[in-house]
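Report on the structure
Letter by letter, the chains look like this.
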Amino acid sequence: MPTAFSRPLQPISMLFPRNLFLKKGLLLPSNVRFSSPCRFLFGKPTERKEEDDGSEKNKPISNVEKSPRPSSSNYDLGSDWIPATKKKPAKVKVSWVCENCGATPGQWWGTCPSCHSVNTVKKISEYQYGVSNGFQVSEMAARSWLEHGSGEMVPQSLEEVKKGMNQLEWRIPLPGAFGMEVARVLGGGLVPGSLVLFGGDPGIGKSTLLLQIAACLAEGLGSEGLARVLYVSGEESMDQIGNRADRMQISETGLYLYSSTDVEDILDKIRVFSPKVLVIDSIQTVYLRGVVGSAGNVMQVKECTSALLRFAKQTSIPVLLIGHVTKSGDIAGPRILEHIVDVVLYLEGERCSTHRLLRSVKNRFGSTDELGVFEMSETGLQAVLNPSELFLSDSHHHGSEVLAGLAVSVVIEGSRTFLLEIQALCASGSTVVRHVNGVSAKRADMLISVLMKQAGLKLENTSIFINVVSGFTLTETAGDLALAAAICSSFLEFALPNNIAFIGEVGLAGELRTVPRMDKRVATVAKLGYSKCVVPASAMKSLAGLQLDIAIVHCCNLTEFINRVFRVS
Ligand code: TYD
Ligand code: MG
């Protein structure tokens, strides 16, 4: 009869599970090996390999006499014992990050579960120990800048915080026409301690813009004695930036240049200059020592931005960053970047066109509606002071030949009103294609379907191409009526007179709807010398009080609109 004391021999792995040793911090005798089930679980104890001779290699380790069970009495720290805890290899923390949106899905995915972009989930390994992050670097840099104790904060009442704060003096001014255009997009000037990100396609003019802004800020701060603006480039040498500044006729004495890609070095070296504003060109070229990966990868971009954010907040020195844009149109690096910074501005425009638009997409200190309009010249970017007629082709200027397929709409961006020319080309051929540029493809498809179904236009076998002049992107539904007018004009081969504008939204039933700030739009059209404006009938109420020298044509739906505008008299 088997008793509790007469158990059959068991493998040592079952008698002394390894995790028991590890958990309790016990020691393993160096000659202890694990039988196969245990090897499967814990891997081979490779450190003992050289001591194994061939004869013993496959021998099951079951003889307890050879490797006695360690007891409290035989813990000997001699060479035969390996401290289990010390042999544990350094832990590598692995995480999966989407390069597009910055989501951390916890495992590899072919398509990011968050933003659905393909093949953007990448593995990031990070050594748990000895890693330096943006927090530590900025903390050290800021502390060395500030007087002892001045960086420490204590809770204050709102009254105390507000005391002595002058809204106008608080922001750093940007003088001149160029400066005023940038200041308007920023919400009225540069806020001390803010982190501003300027995004845009490569070659669009970001470095040019930032060099001009830096010079403008240096000029604005000029009255404050030793006020300096530091422009740090990781892309160009100091000579190259100097050359560019020379071409652009910039000769500010308060503007300093530095070329470096190491964030710690930048924050350390610039201390002696105590600049009032810091510009970094670009966030994808700078790196932090100790953070895994080369400059521009998700981890580096995130940590460098965090370091600069804390630096800006602690020292009240505003930091302006340049960020490249990926093929999909987002700022390269994680979307997190846009969450970290205070302000995100995009510089847009067609490469072939000289016009550049500075658009605000996020602003913690102002409105995101504002739009800055510039023109690229030989001496850099010049502000366009009266941009209302900027987005019209030559055919809309007086005395030009009238062409079919062109219609003018009025859009509002922030406090500005722009006239926008929409072009359509309807062509019949063996294959039917639809191409749009500057308008949403879905919106264009919807309008074409409404024109077919509700207005009876036979567009089924027609290829349609739509374009917005000057690379502007139409985002407002106020442009629907002009888009419909351009398609009808091309399809019916009926050239619209160049003194007529169209404002209004088109619904699925073919009805015309009013849009916000109709009075302001019509007033702009009248001011620019247009003689006729077509609007939805529902907009007449808001235009009732307006005393303008312009004929207003109002329509209820698309059928009425086509009959009134495209009727051959
Ligand atoms: P840049 O600022 O280097 O672009 P980014 O930093 O966005 O890559 O601008 C490059 C373009 O700007 C280049 O095509 C030339 C043009 N440019 C001018 O037309 N005039 C100028 O005075 C300057 C400096 C640049
Ligand atoms: Mg550049």
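The notes below deal with the structure included here.

What counts and how
- Residues numbered from 1 in each chain as written.
- Chains lettered and ligands numbered in written order.
- Predicted model: local features only at pLDDT ≥ 70, side-chain atom pairs only at ≥ 80, totals over all residues.
- Heavy atoms only, no water.
- Helix = DSSP H or I, 4+ residues; strand = E, 2+ residues; numbered from the N terminus.
- Buried < 20%, exposed > 50% of the residue type's maximum accessible area, 1.4 Å probe, protein only.
- Contact = heavy atoms within 4.5 Å.
- Areas by Shrake-Rupley, 256 points an atom, 1.4 Å probe, with all protein chains shown as cover.
- Pairing = 2+ DSSP bridges.
- Axes fitted to C-alpha atoms, helices over the stretch in contact; angles between N-to-C directions.
- Salt bridge = Lys/Arg side-chain N within 4 Å of Asp/Glu carboxyl O.
- Near = heavy atom within 4 Å.
- Polar contact = N/O pair within 3.5 Å; in protein donor to acceptor, adjacent residues only side chain to side chain.
- Core = buried A, V, L, I, M, F, W, Y, C linked by side-chain atoms within 4.5 Å.
- Phe/Tyr/Trp six-rings, centres within 6.5 Å; stacked < 30°, edge-to-face > 60°.
- Lys NZ or Arg CZ within 6 Å of the ring centre and 35° of its normal.
- Parallel < 35°, antiparallel > 145°, perpendicular 65-115°, else oblique.
- Nonpolar A, V, L, I, M, F, W, Y, C, P; charged D, E, K, R; others polar.

1. A few points about the overall build of the protein chain
A count of helices and strands for the protein chain gives 17 helices and 22 strands. The 569 residues of the protein chain split such that 46% are buried. Considering only intrachain contacts with a sequence separation of at least 6, the fraction spanning at least 24 residues in the protein chain is 67%. Counting only carbon and sulfur atoms, one obtains 53% of the accessible surface of the protein chain, whose full area is about 29,400 Å².

2. Thoughts on the sheet that holds strand 6 (residues 229–233)
What the nine strands build is an open sheet, ordered 7-6-8-9-5-10-11-12-13; its pairing is mixed. Where the open sheet ends on each side, the last strands, each with one partner, are strand 7 (255–259) and strand 13 (380–383). Across the sheet, the axes of successive neighbouring strands diverge by a mean angle of 25°, strand direction being ignored. In this sheet, strand 7 lies alongside strand 6 in parallel orientation, the contact comprising five bridges. Bridge assignment links V229 to a residue of strand 7, and that residue is L255. Strands in contact with helix 11 (residues 298–315) are strand 5 (195–200), strand 8 (277–281) and strand 9 (319–324); relative to strand 9, the strand with the most contacts, it is inclined by about 160°.

3. Notes on the pattern of salt bridges
When the charged atoms of two side chains lie near each other, side chains of opposite charge can form a pair. In the structure shown here, the tally under the stated rule is 13 salt bridges. Salt-bridge contacts for R359 lead to E348; the nearest nitrogen and oxygen are separated by 3.2 Å. Of this pair, R359 sits in strand 11 (residues 355–363) while E348 sits in strand 10 (residues 343–348); the two residues are eleven residues apart in sequence, bridging distant segments of the chain. A relative accessible area of 15% means that R359 is categorised as buried. Relative accessible area serves as the criterion here: at 27%, E348 is assigned to the partly exposed category. Overlapping salt bridges, with partners in common, bring together E181, R184 and E370 in one network.

4. Side note on the site of ligand 1
Around ligand 1 there are 16 residues in total, and G203, K206, S207, T208 and S377 lie nearest to it. S207 has a polar side-chain atom sitting 2.7 Å from an oxygen atom of ligand 1. At 3.0 Å from an oxygen atom of ligand 1 is found a main-chain nitrogen or oxygen belonging to E378. In the complex, 71% of the free accessible area of ligand 1, which totals 560 Å², lies under the protein chains.

5. Digging into the nonpolar core
If you look at the biggest cluster of nonpolar residues, it comprises 46 residues, and the most contacted ones within it are L451, F502, V534, L558 and F561. Residue contributions to this core peak at eight residues, all from helix 14 (residues 480–491). If near-sequence neighbours (up to four positions away) are discounted, L558 is found in contact with V450, L451, A455, A484, V506, G510 and L512. In this structure, L174, A214, M248 and L381 belong to the second largest nonpolar core, which totals 39 residues.

6. Examining the packing of aromatic side chains
Per the counting criterion, the structure on display carries five aromatic pairs. Between F494 and F566, the ring centres sit 5.3 Å apart and the planes meet at 70°, which makes this aromatic pair edge-to-face. In this pair, F494 is assigned in the loop between helix 14 and strand 18 (500–502) and F566 in the segment after helix 17 (558–565), connecting sequence segments 72 residues apart. Ring centres 5.8 Å apart and planes at 85° place the aromatic pair F502 and F561 in the edge-to-face group. Linking F502 in strand 18 with F561 in helix 17, this pair joins segments that are 59 residues apart in sequence. You can call F502 buried: its relative accessible area is 1%. Across from the ring centre of F472, 5.9 Å away, lies the NZ or CZ of R359, which sits over that ring.

7. Section: the packing of helix 8 (residues 206–221) against helix 9 (residues 238–247)
Angle between the axes and distance between the axes: these two values describe a pair of packed helices. Viewed as axis vectors pointing N to C, helix 8 and helix 9 meet at an angle of 75°, and their least axial separation amounts to 11 Å. Here helix 8 lies roughly perpendicular to helix 9, going by the angle between them. From helix 8, S207, T208 and L211 reach across to helix 9, where they touch I241, R244 and A245. Class assignment of the residues belonging to the contact of helix 8 with helix 9 gives a composition of three nonpolar, two polar and one charged.

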